[in-house]
Amino acid sequence: SIISDAASRLFWTLVTISMVITFGFMALRRADIGEFFAEFVRFILFVGFFWWLLMNGPRFAMDIIDSLRTLSSQASGMSRELTPSTPVSIGWDVVVKAAKNYSAFNPIDNLSILLISAAILVCMAIVAANVMLTLVSAWIIAYTGIFVLGFGGSRWTSEIAINYFRNVLGMALKLMTITLMVGI
């Protein structure tokens, strides 16, 4: 709520500045009432849209992230969405299956199976750490990045607010890719 309040203050400050500049220049060039009304309607629609994005931004961000995670888990055939423990579980499954193939008569083969399965387990642990970092980053971007949506209050800074959703989409695509790789 603290970040949301700060974003709201930034938003309304930029709205005020934008309104003063826009309508001030219109007054200086002596625009007629029709131009004022048309610009006022445009201004209200612009402010209303970005205010709506500011109020619903974190929910939209999490919806984007969750929908791409669900899509990729279904596409890769995983029974559930990717969590940090999923790659480690896959690594342990490999170790268990490898241990079933140990033979008392082939100690060299046993050693190679042990080393390869240990390497796979370490790789999967690194993937799990990457999944954890990506999930935490996605959550932080979704909820603390809302401050950036406050820049939507001005026509000149609205691109900064739009970049928030670009970053969210990038993080969602990263999670989607990781989920597809682990699922495959």
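Residues numbered from 1 in each chain as written. Predicted model: local features only at pLDDT ≥ 70, side-chain atom pairs only at ≥ 80, totals over all residues. Heavy atoms only, no water.

(A) Spotlight on the overall build of the protein chain. Of regular secondary structure, the protein chain possesses 6 helices and 0 strands. N-terminal to C-terminal, the α/β element order of the protein chain is α-α-α-α-α-α. Taken over C-alpha atoms, the radius of gyration comes to 26 Å for the protein chain, far larger than the 16 Å a tight globule of 184 residues would show. Dimensions of the protein chain, computed from C-alpha atoms along their principal axes, come out at roughly 95 × 30 × 25 Å. Across the 184 residues that make up the protein chain, the buried fraction comes to 35%. (Helix = DSSP H or I, 4+ residues; strand = E, 2+ residues; numbered from the N terminus. Rg over C-alpha atoms; globule rule 2.2 N^0.38 Å. Buried < 20%, exposed > 50% of the residue type's maximum accessible area, 1.4 Å probe, protein only.)

(B) Just the pattern of salt bridges, in detail. The final tally for this structure, using the stated rule, is 4 salt bridges. Across the salt bridge formed by Arg 42 and Glu 39, the nearest N and O atoms sit 2.6 Å from each other. Remark: Glu 39 and Arg 42 occur in helix α2 (residues 33-75); sequence separation between them is 3 residues, near one turn of the helix. Owing to a relative accessible area of 9%, Glu 39 belongs among the buried residues under this scheme. (Salt bridge = Lys/Arg side-chain N within 4 Å of Asp/Glu carboxyl O.)

(C) Focus on helix α4 (residues 107-144). The terminal C-alpha atoms of α4 lie 55 Å apart, and with 38 residues this matches the ideal 56 Å at 1.5 Å per residue to within 8%. Those residues of α4 that are buried lie in contact with α2, α3 (85-99), α5 (146-149) and α6 (158-183). (Expected span 1.5 Å × (residues − 1). Contact = heavy atoms within 4.5 Å.)

(D) Representation of the packing of α4 against α6. With their axes 10 Å apart at the nearest point, α4 and α6 run at an angle of 155 degrees to one another. Judged by the angle between their axes, α4 and α6 are roughly antiparallel. Considering how the two elements wind past one another, α4 and α6 form a crossing that is left-handed. Contacts between α4 and α6 pair Val 127, Asn 130, Val 131, Thr 134, Leu 135, Ser 137, Ala 138, Ile 141 and Ala 142 from the former with Tyr 164, Val 168, Met 171, Lys 174, Leu 175, Ile 178 and Val 182 from the latter. (Axes fitted to C-alpha atoms, helices over the stretch in contact; angles between N-to-C directions. Parallel < 35°, antiparallel > 145°, perpendicular 65-115°, else oblique. Left-handed = near helix turned anticlockwise from the far one by under 90°.)

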